[in-house]
Amino acid sequence: MPERLPRIFVTRQIPPTHLQRLQREADCVIWPGQLPPSRADLLAGVAGCDGILSLISDRIDAAVFEAAGPQLKVVSNYAVGVNNIDLAEAARRGVAVGNTPDVLTDATADIAVALLLAAARRLQASGDSVRQGEWKTWEPTGWLGCDLVGRTLGIVGLGRIGAAVARRLVGGWGMRLLYSSRSDKRIEGLETARRVTLDELLAESDFVSLHTDLTEETRGLIDARRLALMKPTAVLVNTSRGGVIDQSALVEALRGGRPLAAGLDVTDPEPLPPDHPLVTLPNCIILPHIGSATVATRDAMAEICVDNLLAGLAGQPLRCPCS
Ligand code: GLV
């Protein structure tokens, strides 16, 4: 009897080149929908699989490991963040988990800077006024925003992406850098950075950019009390995970004009309903979670994802293990 090919459930179409490499080595079932598989479809799809290629919208928890069965060797997340995966449960069952760090750092940092600029200079609301035919003339006091040069940037979580954002804004706009982090960081090019508490960072920064993982400790980290510490002229940017901000508190804070504006690439849930106040507030810009969305980045993520899967199936260390 020929040995059976390993079976993989791929929860969405990803860039094809690397998927084809996987298909040569494994029997792949690729979820055809544009939307994620429902919970029932996910549980049915993983049954009997040796590997799962998951996205951040797929909750990979004990029920999924159970539905897959004891032969499951590896889960490869098409993302750097793995808050959708129960890592403790994976470890308990001896299932390797991989992610896609580094390759998306620059693309995501670019989106954080784009959001920061867009929120500071009111690009969405002012651009909408042109589209809607409301713009009548150049106005001396119309659409005033805030400057970046020489202002204070606060980075919450000075990891790879936080540091890349800081490099852009410190190097390009001469910003003074504060950061909050579990430990002291010494990063080339960012030697002048000052580590402060989160409360100090929020109170002193003109621009705050969130780059922390979503964990039980960071869920709702930016709550009403902390938002009230921010300057009324400050801009808040989030490219990490929506759950890091208490969104109801943010709605109230933006309505009260403190902070002045927000730029969000992530929300909870994704997408927000179109009538959610954050979607309609003029001082909030929301993007559809496009931090890593460049052709080259998504391709590089696919390459790592497939490498992780193939290594895991072969019982070898993953190229990018999460644990
Ligand atoms: C996207 O949010 C990722 O974690 O890669």
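Residues numbered from 1 in each chain as written. Predicted model: local features only at pLDDT ≥ 70, side-chain atom pairs only at ≥ 80, totals over all residues. Heavy atoms only, no water.

**Regarding the overall build of the chain**
Point 1. For the chain, the helix and strand inventory stands at 12 helices and 12 strands.
Point 2. Its C-alpha atoms give the chain principal-axis dimensions of about 80 × 45 × 35 Å.
Point 3. Within the chain, buried positions represent 48% of all 323 residues.
Point 4. Nonlocal contacts in the chain, meaning residues at least 24 apart in sequence, comprise 62% of its contacts between residues at least 6 apart.
Point 5. Within the chain, the 37 negative side-chain charges are centred at a point lying 2 Å from the centre of the 33 positive side-chain charges. (Helix = DSSP H or I, 4+ residues; strand = E, 2+ residues; numbered from the N terminus. Buried < 20%, exposed > 50% of the residue type's maximum accessible area, 1.4 Å probe, protein only. Contact = heavy atoms within 4.5 Å. Lys, Arg positive; Asp, Glu negative; His and termini not counted. Charge placed at Lys NZ, Arg CZ, Asp CG, Glu CD.)

**Notes on the environment of Ala90**
Point 1. Along the polypeptide, Ala90 turns up in helix α4 (residues 87–92).
Point 2. A C-alpha to C-alpha distance of 39 Å links Ala90 and Leu229, two positions 139 residues apart in sequence.
Point 3. Those residues in contact with Ala90 that sit more than four places away from it in its chain are Phe65, Val95 and Val97.

**Side note on the site of the ligand**
Point 1. Every residue close to the ligand is listed here: Ala79, Val80, Gly81, Leu104, Arg241 and His289.
Point 2. Between the ligand and the protein, one listed contact pairs an oxygen atom with a backbone N or O atom of Gly81 at 2.8 Å.
Point 3. In the model, an oxygen atom of the ligand is placed 2.7 Å from a nitrogen or oxygen of the Arg241 side chain.
Point 4. Look at the ligand: alone it shows 190 Å² of surface, and the protein chains cover 87% of it.
Point 5. Residue composition of the shell around the ligand, grouped by class: 3 nonpolar, 2 polar and 1 charged. (Near = heavy atom within 4 Å. Polar contact = N/O pair within 3.5 Å; in protein donor to acceptor, adjacent residues only side chain to side chain. Areas by Shrake-Rupley, 256 points an atom, 1.4 Å probe, with all protein chains shown as cover. Nonpolar A, V, L, I, M, F, W, Y, C, P; charged D, E, K, R; others polar.)

**Examining the domain arrangement of the chain**
Point 1. Annotation of the chain at the domain level lists domain 1 (7–101 + 296–313) and domain 2 (105–286).
Point 2. Each of domain 1 and domain 2 has a C-alpha centre, and these two points are 32 Å apart.
Point 3. Of the roughly 450 Å² buried between domain 1 and domain 2, counting both surfaces, carbon and sulfur atoms make up 53%.
Point 4. Interface area lost by domain 1 to domain 2 is led by Ile56, Asn83 and Pro101, which between them contribute 68%.
Point 5. Summed over the shared surface of domain 1 and domain 2, the number is 0 salt bridges.
Point 6. The interface formed by domain 1 and domain 2 contains 1 residue pair in polar contact (both at pLDDT 80 or more).
Point 7. Split by residue class, the side of domain 1 that touches domain 2 holds 3 nonpolar, 3 polar and no charged. (Domains from an automatic or database assignment. Buried area = accessible area lost by both parts, 1.4 Å probe. Salt bridge = Lys/Arg side-chain N within 4 Å of Asp/Glu carboxyl O.)

**What about the packing of helix α1 (residues 16–25) against helix α12 (residues 295–313)?**
Point 1. Two numbers describe how α1 lies on α12: the axes approach to 8 Å, and their chain directions differ by 15°. What the angle tells us is that α1 and α12 run roughly parallel. The two elements α1 and α12 cross, and the hand of that crossing is left-handed. Contact with α1, carried on its side by Thr17, His18, Leu19, Arg21, Leu22 and Glu25, involves Asp299, Ala302, Glu303, Val306, Asp307, Leu309 and Leu310 of α12 and no other residues of that element.
Point 2. Here the residues of the contact of α1 with α12 sort into 6 nonpolar, 2 polar and 5 charged. (Axes fitted to C-alpha atoms, helices over the stretch in contact; angles between N-to-C directions. Parallel < 35°, antiparallel > 145°, perpendicular 65-115°, else oblique. Left-handed = near helix turned anticlockwise from the far one by under 90°.)

**Concerning the sheet that holds strand β8 (residues 194–195)**
Point 1. With parallel pairing, 7 strands are arranged side by side in an open sheet as β8-β7-β6-β9-β10-β11-β12. On the outer flanks of this sheet lie β8 and β12 (284–286), each paired with one strand and no other.
Point 2. Relative to strand β10 (residues 235–238), strand β9 (residues 207–210) runs parallel, the two sharing 4 bridges. Across the sheet, Phe207 pairs through a bridge with Val235, a residue of β10.
Point 3. Strand contacts of helix α10 (residues 247–255): β10, β11 (261–264) and β12, with the helix running at about 140° to β11, the strand carrying the most contacts. (Pairing = 2+ DSSP bridges.)

**Details of empty space enclosed by the protein**
Point 1. One pass over the full model with this rule turns up 1 cavity of 30 Å³ or more.
Point 2. Every residue along the wall of the largest cavity is listed here: Asn238, Gly242, Ile245, Gln247, Leu250, Leu264, Val266, Thr267 and Leu278. (1 Å grid on protein atoms, 1.4 Å probe; cavity = no way out; pocket = protein on both sides within 12 Å on 5 of 7 lines; lining within 4 Å. Points joined across faces, edges and corners; volume = space filled by probe spheres on them.)

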